[in-house]
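Summary of structural features
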Amino acid sequence: DQQVKQNSPSLSVQEGRISILNCDYTNSMFDYFLWYKKYPAEGPTFLISISSIKDKNEDGRFTVFLNKSAKHLSLHIVPSQPGDSAVYFCAASSASGGSYIPTFGRGTSLIVHP
Amino acid sequence: EPEVTQTPSHQVTQMGQEVILRCVPISNHLYFYWYRQILGQKVEFLVSFYNNEISEKSEIFDDQFSVERPDGSNFTLKIRSTKLEDSAMYFCASIFGNMDSPLHFGNGTRLTVT
């Protein structure tokens, strides 16, 4: 069962344009969402997060939007740069029960062309 | 900045052999995790560890798997009798203990079972 879905395995964008990466989830208990970025031969690194009490969080060129009613979040990168080329993982977790075990999507490979 | 370190970066083993993957989490972190990613698939949770015991494990983490914190710094994943389908990237991760803080991942160990 895929509780966190990233339906686009890849995305290709021109440098300077906006990259929009999408993520859907099915578990309504999820209340904390994160995006990780992964370069080849490296582990995932944390990029940006959002808690369910917010609908937007911005950090420089990166903005995450959360639509709880649609169980959908998206990551916007503006402007996109070639160094942003990586695999982006959406992850979600639930604070209920006191555990912190994020569930990951399959990832979207972003390629930013110069 | 402190980081999670994993050794070896690549391990090749024959089917049926035992392997031990090693991790040194960030020193003041209290929660430790193992995830794996089979090529082309999503990052999957294996096990979480806190206060010297397993706190949660997935259905993947069967009797062939075990974890240990043999001293104050290392966190190991042992696979007793490897199978071909155990071939994957294995990522160790840790957090201090804030339930809304992101996981810090190591760069992974690529396990190849032949």
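Predicted model only: the values in this text are computed from it and were never measured.

Our next topic: unusual backbone geometry. A cis amide bond, omega -15°, links Val-78 of chain A with the succeeding residue Pro-79 of chain A. Following the sequence through the fold, Pro-79 of chain A ends up in the loop between strand E8 (72-77) and strand E9 (86-93). A cis amide bond links Thr-7 of chain B to the next residue, Pro-8 of chain B, at an omega of -10°. Residues other than glycine seldom take positive phi values, yet Asn-51 of chain B does so here, at roughly 55°. Its location among the elements puts Asn-51 of chain B in the loop between strand E5 (43-50) and strand E6 (53-57).

What follows covers the state of the cysteines. All names here are of chain B. Counted under the stated rule, the structure contains two disulfides over all chains. Across the disulfide from Cys-23 sits Cys-92; the S-S distance is 1.9 Å. Taking the torsion about the sulfur-sulfur bond, which here is approximately -65°, the covalent link between Cys-23 and Cys-92 counts as left-handed. Linking Cys-23 in strand E3 (residues 19-24) with Cys-92 in strand E9 (residues 88-95), this pair joins segments that are 69 residues apart in sequence. Here Cys-23 matches Cys-92 in class, with each residue buried.

Moving on, we come to the side chain of Ser-93 of chain A. Looking at the element boundaries, Ser-93 of chain A is found in strand E9. The residues contacting Ser-93 of chain A, other than those within four sequence positions of it, are Met-29, Phe-30, Asp-31, Tyr-32, Tyr-100, Ile-101 and Pro-102 of chain A.

Within a sheet, adjacent strands bond to each other through the backbone by hydrogen bonds, running parallel or antiparallel. All names here are of chain B. On the basis of which strands lie adjacent, the open sheet formed by four strands has the order E1-E3-E8-E7 and antiparallel pairing. Strands at the two margins of the open sheet, each flanked by one partner only, are strand E1 (5-7) and strand E7 (65-68). The average undirected angle you get between the axes of adjacent strands in this sheet is 20°. In terms of strand pairing, E1 meets E3 through three bridges, oriented antiparallel. Bridge assignment links Gln-6 to a residue of E3, and that residue is Cys-23.

As a further point, take the interface of chain B and chain A. Contacts between the two partners involve 19 residues from chain B, matched on the other side by 19 residues from chain A. Here chain B and chain A share an interface that buries about 1700 Å² over both sides, 64% of which is from carbon and sulfur atoms. The tally of links between chain B and chain A comes to three residue pairs in polar contact (both at pLDDT 80 or more). Listing elements by their share of the side of chain B that touches chain A, those giving two or more residues are strand E4 (31-37), E5 and E9 of chain B. Of the residues contributing to the side of chain B that touches chain A, the split by class is 10 nonpolar, six polar and three charged.

The next point concerns the pattern of salt bridges. Think of it this way: side chains of opposite charge can pair up when their charged atoms draw near. All names here are of chain A. Throughout the structure, instances matching the rule amount to three salt bridges over all chains. Of the charged contacts in the structure, one is a salt bridge between Asp-84 and Arg-61, with a shortest N-O distance of 2.8 Å. Of this pair, Asp-84 sits in the loop between E8 and E9 while Arg-61 sits in the loop between strand E6 (56-59) and strand E7 (62-67), and the two are 23 residues apart along the sequence. Given a relative accessible area of 2%, Asp-84 falls into the buried group.

Calculation rules
- Residues numbered from 1 in each chain as written.
- Chains lettered and ligands numbered in written order.
- Predicted model: local features only at pLDDT ≥ 70, side-chain atom pairs only at ≥ 80, totals over all residues.
- Heavy atoms only, no water.
- Helix = DSSP H or I, 4+ residues; strand = E, 2+ residues; numbered from the N terminus.
- Disulfide = S-S within 2.5 Å.
- Buried < 20%, exposed > 50% of the residue type's maximum accessible area, 1.4 Å probe, protein only.
- Contact = heavy atoms within 4.5 Å.
- Pairing = 2+ DSSP bridges.
- Axes fitted to C-alpha atoms, helices over the stretch in contact; angles between N-to-C directions.
- Buried area = accessible area lost by both parts, 1.4 Å probe.
- Polar contact = N/O pair within 3.5 Å; in protein donor to acceptor, adjacent residues only side chain to side chain.
- Nonpolar A, V, L, I, M, F, W, Y, C, P; charged D, E, K, R; others polar.
- Salt bridge = Lys/Arg side-chain N within 4 Å of Asp/Glu carboxyl O.

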